[in-house]
Amino acid sequence: MNALEPFIHRFEPATAPGQAPLLLLHGTGGDESDLLPFGLAVAPGAGLLSPRGRTLEAGMPRFFRRLAEGVFDEEDLTRRTHELADFVEWARAEYRLPAPIALGFSNGANIAAAMLLLRPEVLSGAVLLRAMSPFEKPPAAVLDGKPVLIVSGSFDPIIPEANAARLAATLVGAGAAVAHRSLPTGHGLSQADLRLVRDWLAERPALAA
Ligand code: MLT
């Protein structure tokens, strides 16, 4: 696929004014429809932009290649992060959108974290669900108080808590306003995630478009 072609995606226009749109980024094996119900539940009325990852692993869409579970092909990650950031810029012009808040789960959260570090201007904030550090040596970034919510699962078999804590420390070091919460759950999303994200977004009217 040509890097300049837009990603396969779904776009649901806002039905209520004054909220930043959400950029929904699915997990491994998901697609552009996966997180729409979650987005609708946490930000009713907000515009929703939901691309499908362009990498396939055994037929499962992802946003970038990995060498093993939790071991990333960082060259591919960097290239794919820029492609995705370019797509968001394309979509902002096409649909007349302000900078979105990324809401990513698992693989989608990891590319959202990479985008915060490599192309911070593209996002107005981020919600990272079951995220880990995308880079062994994170690039220097200036996040200037950008709000970020990280939600980990304390029984997550895929993401060690120390790894998510390292991501939080990286983002804090870059100047982001980070809230890192841990829920008594595993890798999958729960109702508690939904409530946490909804409340965090509602407390941030400054993110409104
Ligand atoms: C990743 O590959 O991004 C993480 O291992 C999470 C996953 O998608 O399983």
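Rules behind the numbers
Residues numbered from 1 in each chain as written. Predicted model: local features only at pLDDT ≥ 70, side-chain atom pairs only at ≥ 80, totals over all residues. Heavy atoms only, no water. Helix = DSSP H or I, 4+ residues; strand = E, 2+ residues; numbered from the N terminus. Rg over C-alpha atoms; globule rule 2.2 N^0.38 Å. Buried < 20%, exposed > 50% of the residue type's maximum accessible area, 1.4 Å probe, protein only. Contact = heavy atoms within 4.5 Å. Areas by Shrake-Rupley, 256 points an atom, 1.4 Å probe, with all protein chains shown as cover. UniProt positions renumbered as here; feature names shortened; annotations may be inferred. Polar contact = N/O pair within 3.5 Å; in protein donor to acceptor, adjacent residues only side chain to side chain. Near = heavy atom within 4 Å. Nonpolar A, V, L, I, M, F, W, Y, C, P; charged D, E, K, R; others polar. Pairing = 2+ DSSP bridges. Axes fitted to C-alpha atoms, helices over the stretch in contact; angles between N-to-C directions. Expected span 1.5 Å × (residues − 1). Arc of directions from axis to C-beta.

- The name recorded for the protein chain in an unreviewed UniProt entry is Alpha/beta hydrolase, from Bosea vestrisii.

**Let's talk about the overall build of the protein chain**
Here is step 1: In terms of helices and strands, the protein chain carries 5 helices and 11 strands.
Here is step 2: What you see for the protein chain is a C-alpha radius of gyration of 15 Å, in line with the 17 Å of a compact globule of 209 residues.
Here is step 3: Its C-alpha atoms give the protein chain principal-axis dimensions of about 40 × 40 × 30 Å.
Here is step 4: Taken across its 209 residues, the protein chain has 53% of its residues classed as buried.
Here is step 5: Expressed as a percentage of contacts within the protein chain between residues at least 6 apart in sequence, the contacts between residues at least 24 apart total 71%.
Here is step 6: For the protein chain, the exposed surface amounts to about 9100 Å²; the carbon and sulfur share of it is 55%.

**Overview of the UniProt feature "domain: AB hydrolase-1" (unreviewed entry) in the protein chain**
Here is step 1: UniProt's feature table lists "domain: AB hydrolase-1" (unreviewed entry) at residues 80-140, given in the numbering used throughout.
Here is step 2: In residues 80-140, the share of helix is 46% and the share of strand is 16%. The end C-alpha atoms are 18 Å apart.

**Details of the side chain of S50**
Here is step 1: The topology assignment puts S50 in strand β3 (residues 48-51).
Here is step 2: A polar contact is formed between the side chain of S50 and the backbone oxygen of E32, at a distance of 2.8 Å.
Here is step 3: Residue contacts for S50: discarding those within four places in its chain leaves I8, H9, R10, L24, E32 and L36.

**Examining the environment of S133**
Here is step 1: Structurally, S133 can be placed in the loop between β9 (125-129) and β10 (147-153).
Here is step 2: C-alpha of S133 to C-alpha of W200: the two residues are 67 residues apart in sequence and 22 Å apart in space.
Here is step 3: Of the polar contacts made by the side chain of S133, one reaches the backbone nitrogen of L167; its length is 3.3 Å.

**Some points on the site of the ligand**
Here is step 1: For the ligand, the full set of nearby residues is T28, R62, F64, R66, G70, F72, S106, N107 and N110.
Here is step 2: Interatomic distance of 2.8 Å between a side-chain N/O atom of N110 and an oxygen atom of the ligand.
Here is step 3: In the shell around the ligand, the residues fall into 2 nonpolar, 5 polar and 2 charged.

**Some points on the sheet that holds β9**
Here is step 1: With mixed pairing, the 7 strands of this open sheet are ordered in space as β1-β3-β2-β8-β9-β10-β11. Each edge of the open sheet carries a strand with a single partner, namely β1 (9-12) and β11 (177-183). Averaged over all adjacent pairs, the angle separating strand axes in this sheet is 15°, with direction ignored.
Here is step 2: Two elements, strand β2 (residues 22-25) and strand β8 (residues 101-105), share 4 bridges in a ladder whose sense is parallel. Each residue of the ladder has a partner; that of L22, found in β8, is I101.
Here is step 3: Running at roughly 140° to β3, helix α2 (residues 74-95) makes contact with β1, β2 and β3 of the sheet.
Here is step 4: Lying over the sheet, helix α4 (residues 161-173) contacts β9, β10 and β11, oriented at roughly 165° with respect to β11.

**Thoughts on unusual backbone geometry**
Here is step 1: The backbone of S106 shows a phi angle near 55°, a positive value even though the residue is not glycine.
Here is step 2: Along the chain, S106 falls in the loop between β8 and α3 (107-118).
Here is step 3: At R130, a residue that is not glycine, the phi angle is positive and equals roughly 60°.
Here is step 4: Tracing the chain through its elements places R130 in the loop between β9 and β10.

**Focus on helix α5 (residues 191-202)**
Here is step 1: Taking 1.5 Å as the rise per residue, α5 with 12 residues should run 16 Å; its terminal C-alpha atoms sit 16 Å apart, in good agreement.
Here is step 2: Taken as a whole, α5 has its buried residues at D193, L194, L196, V197, W200 and L201. Each buried residue of α5 sits inside an arc of 165° when the element is viewed along its axis, so together they form one side. Opposite the buried face of α5, by more than 90 degrees, sit the exposed residues Q191 and A202.
Here is step 3: Among the structural elements, β2, α1 (36-42), β8, β9, β10 and β11 are those in contact with the buried residues of α5.

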